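Below are the chains, spelled out letter by letter.
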Amino acid sequence: MVPANVYPRRKFLATSGAIGLAVIAGCTSSNQSSYNPAKNSYSPPAEELSGDINIAGSSTVFPLMAAMAEEFQKQHSDVTITIQSTGSGGGFKNFFCLGRAHFSNASRPIKDSEVDLCEGNGVTPHGIRLATDALTVVVNKNADWVDSMTVTELKSVWDQNAAKKWSDVNPSWPDEKIDRYGAADTSGTFDYFNEVIIGKDGGTHTTNYQPTEKDHITFAGVEGNKYAIGYFGFSYYYNNPDKIKALKIDGGDGPVSPTLDTAKSGQYKPLSRSLFTYVSVEKLAEKHIAEFAKYCIEQSSNEQLVAEEVGYVPNTKETMDKEMAALNTLIKFTTLK
């Protein structure tokens, strides 16, 4: 039975800043699971799985991981999955690298300093690529003066010398104060946005904004203020396209809308990015954790779940097969020790 704090899929995605999602996961299992690359199908092991799985990290990956956990519960009812939206950096620093989480979701690759922290606590991280995101810049739906922005204009809104008014960015825009909402500095979304929009010339992100690890707070702030601007993962816009407006981004070749197709093709630049989860290699010796890792990889190429229901670009079959092969090698290693 799904507990009361698990939302129906659509409602959950619209409100997914919820910090702890407990998913009681699903039903029977086996000694050996079987993955058939030719059929892209996962068969659960025949023996029953049981145990806890703790997941922390990226708010961007949160809805995707929650959707995967929801499906996993249909097969493994004695596995309890807890997911916390802490930001990529917060997930690594406060949970995963301290041995307090089995998985850490991330909207950017793990940093060398985080690898060192993990290894200092006996944790070996293994990255699994789950999907591609189109990081989305949003404004109020009544902001009729702006439909697109260049990277230079975005930088002028978000760097340490941030424009105070819209007219400071473009004289034809309103002489009104810019109200900013964005990711906290513990977030992988913050790191990525800072790197590709602000930091190429040594700039830093403004502190004159409302930082949050909860993307629904950014969403609500932009929806409620005509002169607001914010940014977050594409899924949050994808599931509420009529309530706010996504800006086209001009990365040098003209304005491009954030969509699944433009993220997949690479046209939406520079804000397309890979999404990951990291698993502790040592914990792969535990059957229920290894099986969930396999399940996440198998689901990463599921067009209906990843694209249609959540709003990210799924892995290709080739990428999924490579991820599965690498994971299976690690699982064999841990079971032989």
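From a predicted model like this one, the values you see are computed outputs, not experimental measurements.

**Some remarks on the nonpolar core**
Piece 1. In this structure, I229, L271 and F292 are the most contacted members of the largest nonpolar core, which totals 81 residues.
Piece 2. Ranked by residue count, the leading element in this core is helix α2 (residues 62–72), at eight residues.
Piece 3. When residues no more than four places from it in sequence are discounted, the contact partners of F292 are I53, I55, M65, M68, A69, F72, I81 and F103.
Piece 4. F92, F96, A106 and I110 belong to the second-largest nonpolar core, a separate cluster that totals nine residues.

**Concerning the pattern of salt bridges**
Piece 1. As enumerated under the stated definition, the model contains twelve salt bridges in all.
Piece 2. Put simply, R108 and E114 hold a salt bridge, and the shortest N to O gap is 2.8 Å. The same class applies to R108 as to E114, namely buried.
Piece 3. Here K287 and E291 are joined by a salt bridge, their closest N and O atoms 3.6 Å apart.

**Some words on the pairing of strand β16 (residues 272–280)**
Piece 1. Of all nine residues in β16, eight are buried, a share of seventy percent or more.
Piece 2. Looking at chain direction, strand β6 (residues 103–106) and β16 are connected through four bridges and run antiparallel. Looking across to β16, one finds that N105 is bridged to T277.
Piece 3. Relative to β16, strand β7 (residues 125–134) runs antiparallel, the two being bridged by nine bridges. By the bridge assignment, G127 is partnered in β16 with Y278.

**Observations concerning the sheet that holds strand β12 (residues 228–232)**
Piece 1. Pairing within the open sheet is mixed, and its five strands lie in the order β11-β10-β12-β8-β13. Of all the strands in the sheet, just β11 (210–212) and β13 (244–246) have a single pairing partner and so form its edges. Pairs of neighbouring strands in the sheet enclose a mean axial angle of 25°, with direction left out of account.
Piece 2. Here strand β10 (residues 179–183) runs beside β11; their pairing, made up of three bridges, is parallel. Along β11, the bridge assignment pairs G182 with P211.

**Structural notes on the sheet that holds strand β15 (residues 255–256)**
Backbone hydrogen bonds are what pair the strands of a sheet, in a parallel or an antiparallel way.
Piece 1. If you trace the three strands from one edge of the open sheet to the other, you get β9-β14-β15, paired in mixed fashion. Of all strands in the sheet, those with a lone pairing partner are β9 (148–150) and β15, marking the two edges.
Piece 2. In this sheet, strand β14 (residues 248–250) lies alongside β9 in parallel orientation, the contact comprising three bridges. By the bridge assignment, M149 is partnered in β14 with I249.
Piece 3. Across the sheet, helix α5 (residues 151–158) is in contact with β9 and β14; its angle to β9 comes to roughly 85°.

**Description of α2**
Piece 1. Taken across its eleven residues, α2 has nine buried, putting it largely inside the fold.
Piece 2. Regarding α2, the residues found buried are F62, P63, L64, M65, A66, A67, M68, A69 and F72.

**Here we look at the pairing of strand β4 (residues 51–57)**
Piece 1. Where β4 and strand β5 (residues 79–84) come together, five bridges link them in parallel fashion. When the sheet's bridge partners are listed, N54 is paired in β5 with T82.
Piece 2. Note on the crossover from β4 through α2 to β5: the handedness is right-handed.

**Thoughts on the confidence of the model for the chain**
It should be kept in mind that the predicted coordinates are not to be read in detail where pLDDT is low.
Piece 1. A residue-level look at the chain finds 85% of positions with pLDDT of 70 or above and a mean pLDDT of 87.
Piece 2. Below a pLDDT of 50 lies the segment residues 1–40, which in the model reaches 128 contacts outside its immediate sequence neighbourhood of four places, other chains included.

**Concerning the packing of α2 against helix α11 (residues 287–299)**
Helices that pack against each other are described as a pair by the angle of their axes relative to one another and the distance between those axes.
Piece 1. Interaxial distance between α2 and α11 falls to 10 Å at its minimum, and their mutual angle equals 115°. Regarding α2 and α11, the two cross each other, and that crossing is right-handed. Touching M65, M68, A69, E71 and F72 of α2 are H288, E291, F292, Y295, C296 and Q299, all from α11.
Piece 2. Each residue belonging to the contact of α2 with α11 can be placed in one class, and the counts come to seven nonpolar, two polar and two charged.

**With respect to the state of the cysteines**
Covalent bonding between the sulfur atoms of two cysteines defines a disulfide.
Piece 1. This structure, assessed with the given rule, holds one disulfide.
Piece 2. Covalent S-S linkage joins C97 and C118, the inter-sulfur distance amounting to 2.2 Å. Every disulfide takes its handedness from the sign of the S-S torsion; for C97 and C118 that torsion is -55°, giving left-handed. Linking C97 in the loop between α3 (88–94) and β6 with C118 in helix α4 (residues 112–120), this pair joins segments that are 21 residues apart in sequence. Each of the two residues, C97 as well as C118, counts as buried.

Definitions and cut-offs
Residues numbered from 1 in each chain as written. Predicted model: local features only at pLDDT ≥ 70, side-chain atom pairs only at ≥ 80, totals over all residues. Heavy atoms only, no water. Core = buried A, V, L, I, M, F, W, Y, C linked by side-chain atoms within 4.5 Å. Buried < 20%, exposed > 50% of the residue type's maximum accessible area, 1.4 Å probe, protein only. Helix = DSSP H or I, 4+ residues; strand = E, 2+ residues; numbered from the N terminus. Contact = heavy atoms within 4.5 Å. Salt bridge = Lys/Arg side-chain N within 4 Å of Asp/Glu carboxyl O. Pairing = 2+ DSSP bridges. Axes fitted to C-alpha atoms, helices over the stretch in contact; angles between N-to-C directions. Right-handed = clockwise from strand over helix to strand, strands pointing away. pLDDT = per-residue confidence, 0-100. Left-handed = near helix turned anticlockwise from the far one by under 90°. Nonpolar A, V, L, I, M, F, W, Y, C, P; charged D, E, K, R; others polar. Disulfide = S-S within 2.5 Å.

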